[in-house]
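A structural walkthrough
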Number of protein chains: 2
Amino acid sequence: MKVQSFTPPQRILMGAGPSDIHPRVLAALSRPTIGHLDPEFIRLMDEVKEMLQASFFTENALTLPISAPGSAGMEAAFANLLEPGDKVVVCVNGVFGQRMAANAVRMGCEVALVEEEWGKAVDPQKVADTLARHQDAKVLAFVHAETSTGAASDAQTLCRLAGEHGCLSLVDAVTSWCSMPVLADDWQADVVYSGTQKCLSCVSGLSPITFSERARQAILERRHPIQSWFLDMQLVMGYWQEGEQRVYHHTAPINALFALHEALVMLLEEGLEQSWARHWAMHERLRDGLESLGLELMVEPAARLPMLNVVKIPEGVDDARVRSLMLEGFGLEISAGLGPMKGKIWRIGLMGNGCRPDHVDRCLEALSASLSKARR
Amino acid sequence: MKVQSFTPPQRILMGAGPSDIHPRVLAALSRPTIGHLDPEFIRLMDEVKEMLQASFFTENALTLPISAPGSAGMEAAFANLLEPGDKVVVCVNGVFGQRMAANAVRMGCEVALVEEEWGKAVDPQKVADTLARHQDAKVLAFVHAETSTGAASDAQTLCRLAGEHGCLSLVDAVTSWCSMPVLADDWQADVVYSGTQKCLSCVSGLSPITFSERARQAILERRHPIQSWFLDMQLVMGYWQEGEQRVYHHTAPINALFALHEALVMLLEEGLEQSWARHWAMHERLRDGLESLGLELMVEPAARLPMLNVVKIPEGVDDARVRSLMLEGFGLEISAGLGPMKGKIWRIGLMGNGCRPDHVDRCLEALSASLSKARR
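These numbers come from a predicted model, not from an experiment. (Residues numbered from 1 in each chain as written. Chains lettered and ligands numbered in written order. Predicted model: local features only at pLDDT ≥ 70, side-chain atom pairs only at ≥ 80, totals over all residues.)

1. Digging into the overall build of chain A
Rule in force here: Under the scheme used here, helices are H or I runs from DSSP no shorter than 4 residues and strands are E runs no shorter than 2 residues, and both carry numbers assigned from the N terminus. To get the radius of gyration, use the C-alpha atoms; to get the globule rule, take the number of residues to the power 0.38 and multiply by 2.2 Å. Here exposure depends only on C-beta density: within 10 Å of a residue's C-beta, 20 or more other C-beta atoms make it buried, 12 or fewer make it exposed, and intermediate numbers make it partly exposed, the C-beta atoms being placed from the backbone.
What chain A contains, in helices and strands, is 13 helices and 14 strands. For 376 residues, the compact-globule formula gives about 21 Å, and the C-alpha radius of gyration of chain A, at 21 Å, lands near that figure. On the principal axes, the C-alpha backbone points of chain A span a range of 65 × 55 × 45 Å. Here chain A holds 376 residues, and 58% of them are scored as buried.

Dropping the structure here:
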């Protein structure tokens, strides 16, 4: 068997993630590995933690990157907070809300759904009503920025409702983090997790997560150990706890953490507020261009996400053909719809390092040309 | 808050993993990211799968890298094969056997232990006796190369015993893979998993795993879905299944898979047999040097591992002081003992790209100088 080294093609990534990684982050990624208990690595871990806290606007002590993708971050949030038999209210307005519900069901929880039409924000009134009907719910879970539909929900209001009903709030910020305000302490959110490959423009494979003191207490007071040894925060915190003797749990993904460190340094150099503003400005540029092409955005203006723009595929246009023309002719990737949205929408990402005017313009050019070609 | 970019110190990694990564693999790691559903990425996945099959000496269709470290690979093996109430026989002769038992207990399985003194191989006779006493056991689980003690067990014999008793065999090959024979088909092993940061010398954070057809059937015939959504092979195989339409499950760790591809290309360029021979030759060189320094290996010759050499710490010598002198004076990392072995042993790794004569000699020099200094 003879396999050649792999040289990836040059792409511009404007799908739903991963996004284009800055050369500084790629350079950090490829520095020679050091040990996961090396004193210098421990220093890096402390800095990563401090920068994650800044990025989530929190002072939560239990803030760290899970050594696996965002889906594992979601699972860590559910698995650590909930025990079999617990009741959880899950808001579902897209694929990732469904995934939350699936996680809770697998863990043996009782699940009450708050369902919303795909492409719309979660309705706070429905949430309030559902929480009122389920006084014994332990957790309210929702997705801040639904990656499958491009709709934002009002995280601050939903967290407040959770607090008023004595629930812990569990927030998926995979797509929103770094491109719009994710204010864990301000919102009094109890768990917020994200992924590194979207608006931070770091490598895929890590899931930053933060737990409030209330959430940390809930974990420490569990009646049963969590089923997952790998995601058990009672064990993981022994390795990530600041200032104390580090206890080996698993071998950290060292090079990915080099990259995370550098991506966070770059994020703080730009500033969170500046990053949010940049994402919003590029969204407006793209939106105007799409409208000039006669394309329609699916989400109503009030619930639109800046970093994920969802376009209705015009009648009679072949979804896969257009995406493939864009990829082959322009090296530019946009994403298809997921689940029931497949064939109905395209998802155009403006994420992190990829959220730039030249990318917006290139995307509009590629989309316009490919649409003409596909219509012929 | 002002954090500087992180520049790791230069190290020679001769602990229990991670090992030193070859510049070719680091270069592959840092190539620009492409999408996880890009046709070129799908091609890379197919090649990775094919090379993993070659490395495990198997034709198992269900062979892929889990997107998380070896501990998650262990969890994936247990979680997919076992259901609550199932009985599993677990061999424990070190930390990783204990971790296996912990996984099984957390999953609600009934666990029968075969315990062995730490530093010794698992005794096949004890295993046969235990399997005879537990005719209803579904799985026999053991660690091929115990990373905590440096002892090899006879994987072929243990897999045969499992087969004779109608059990599925579950093999931890985290440390043995690539440095000694791991022959999944020959052994008729049902699940074998490893980690990428040891004798393959790739980045930490991935866990290659292979399931026999019998194991795959057991997964498809489960009575209950596994609790972990992230590790559910019924879902993961939808993304990794060759030749078919790929179904998005989670965002793959793309750059880490670039690195895995290149590390596997290099492994096959050298050849598995040549790699095993190199590890054995370097082990002999190190062993001779250690004996010249008056140091004693803990494991008896018949059960010694080539890639992980376990040395008894001489009476009166300060464990941490010596390791710290080696790290600071020579930039050379060796590992401490884990759990009950802490303070009693050092673990010296000869793994993958780091398994070289110059490293052996440098290690002996560093150890000799640091021991003298610590004794003064």
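2. Description of the nonpolar core
What counts, and what does not: What we call a nonpolar core is a set of buried Ala, Val, Leu, Ile, Met, Phe, Trp, Tyr and Cys residues whose membership is set by joining through C-beta atoms within 7 Å. Any pair of residues counts as being in contact when their C-beta atoms, constructed from backbone geometry, are within 7 Å of one another.
A:L140, A:V191, B:L140 and B:V191 are the most contacted members of the largest nonpolar core, which has 268 residues in total. Ignoring any residue separated from it by four or fewer positions in sequence, one finds A:L140 in contact with A:V89, A:V127, A:L131, A:L158, A:L161, A:A162, A:C167, A:S169 and A:L170.

3. Overview of the domain arrangement of chain A
Residues and elements named next belong to chain A. Quick note on the threshold: Each domain's limits were defined by an automated method or a database of domain assignments. Residues are grouped as follows: Ala, Val, Leu, Ile, Met, Phe, Trp, Tyr, Cys and Pro are nonpolar; Asp, Glu, Lys and Arg are charged; every other residue, Gly included, is polar.
Examined at the domain level, chain A breaks down into domain 1 (12-17 + 272-375) and domain 2 (23-268). The interface of domain 1 with domain 2 comprises 25 residues on the first partner and 24 residues on the second. Of all the secondary structure elements, the ones that give two or more residues to the side of domain 1 that touches domain 2 are α11 (272-292) and β11 (308-312). It is α11 that contributes the most residues to the side of domain 1 that touches domain 2, 4 residues altogether. Of the residues contributing to the side of domain 1 that touches domain 2, the split by class is 15 nonpolar, 8 polar and 2 charged.

4. Quick notes on the sheet that holds strand β3 (residues 87-92) of chain B
All names here are of chain B. Basically, it comes down to this: A pair of strands counts as paired when DSSP detects no fewer than two bridges linking them. Helix axes are fitted only over the stretch in contact, all axes being lines through C-alpha atoms; the angle between N-to-C directions runs from 0 to 180 degrees.
Here we have 7 strands laid out as an open sheet, ordered β2-β10-β9-β8-β5-β3-β4, and mixed in their pairing. For this open sheet the edge positions go to β2 (62-66) and β4 (110-115), each flanked by a neighbour on one side alone. Going from strand to strand, the sheet's axes swing by 15° on average, the running direction of each strand aside. Across 6 bridges, β3 lies against β4 in parallel orientation.

5. A short note on the relation of the copies chain A and chain B
Between the two copies of the chain lies a relationship made up of a rotation around an axis and a movement along it. Applicable threshold: To line up the copies, we fit them by least squares on C-alpha atoms, keeping just the residues with pLDDT of at least 70 in both.
With an RMSD of 0.0 Å, the fit of chain A onto chain B corresponds to turning through 180° and sliding 0.0 Å along the axis. In symmetry terms, the pair is related by a two-fold rotation axis. Take the interface residues of chain A: 100% of them recur as interface residues in chain B, which is what a same-surface contact looks like.

6. With respect to the packing of α11(A) against helix α13 (residues 357-375) of chain A
The axes of two packed helices give the description: the angle between them and the distance between them. Residue and element names in this part refer to chain A. Operational definition: What sets the label is the angle itself: under 35 degrees gives roughly parallel, over 145 gives roughly antiparallel, 65 to 115 gives roughly perpendicular, and the rest give oblique. Handedness of a helix crossing follows the sense of rotation of the near helix relative to the far helix, less than a right angle counterclockwise being left-handed and clockwise being right-handed.
The interhelical angle for the contact between α11 and α13, taken along N-to-C directions, is 15°, at an axis separation of 10 Å. For the element pair α11 / α13, the angle class is roughly parallel. Between α11 and α13 lies a crossing of right-handed hand. Here M282, R285, L286 and G289 of α11 lie close against α13, whose contacting residues are P357, V360 and L364. Its residues assigned to classes, the contact of α11 with α13 comprises 5 nonpolar, 1 polar and 1 charged.

7. Here's the deal with the interface of chain A and chain B
Counting residues at the interface gives 68 residues for chain A, matched by 68 residues for chain B. Elements with a minimum of two residues in the side of chain A that touches chain B: α1 (23-29), α2 (39-55), α3 (70-81), α4 (95-106) and α10 (254-270) of chain A. For the side of chain A that touches chain B, the element with the most residues is α10(A), which contributes 8 residues. Looking at the side of chain A that touches chain B residue by residue, the classes come out as 35 nonpolar, 21 polar and 12 charged.

8. Side note on the sheet that holds β11(A)
Residues and elements named next belong to chain A. Across the sheet, which stays open at both edges, the 3 strands sit in the order β11-β14-β13 with antiparallel pairing between neighbours. Each edge of the open sheet is held by one strand with a lone partner, namely β11 and β13 (335-336). Two elements, β13 and strand β14 (residues 345-349), share 2 bridges in a ladder whose sense is antiparallel. Residue S335 lies in a different strand from β14, and its bridge partner there is R347.

9. Concerning helix α10 (residues 254-270) of chain B
All names here are of chain B. Which entries qualify depends on this criterion: Every helix has an expected span of 1.5 Å times one less than the residues it contains.
Taking 1.5 Å of rise per residue, the 17 residues of α10 would be expected to cover 24 Å, and the 25 Å separating its terminal C-alpha atoms lies within 8% of that figure. Burial of α10 is extensive: 14 of the 17 residues sit out of reach of the surface. Just beyond α10, the residue with positive phi is G271, at close to 95°.

10. What to know about the pairing of β14(A)
Residues and elements named next belong to chain A. With respect to burial, β14 is a largely interior element, 5 of its 5 residues being buried. Covered by surrounding structure in β14 are I345, R347 and G349 together with W346 and I348, the residues of both alternating faces. Two strands pair when backbone bridges link them, and β11 and β14 are joined in this way by 5 bridges, in the antiparallel orientation. By the bridge assignment for β14, N309 is matched with I348.

11. Quick word on the environment of A:V203
On the secondary structure map, A:V203 appears in the loop between β9 (191-193) and β10 (207-211). In this structure, the C-alpha to C-alpha distance between A:V203 and A:I226, residues 23 residues apart in sequence, is 28 Å. Apart from residues lying up to four places away in sequence, A:V203 is in contact with A:I21, A:L29, A:T196, A:Q197, A:A256, A:A259, B:P253 and B:N255.

12. Notes on the environment of B:T157
By secondary structure assignment, the location of B:T157 is in helix α6 (residues 155-164). Sequence separation of B:T157 and B:T63 is 94 residues, and the distance between their C-alpha atoms is 23 Å.

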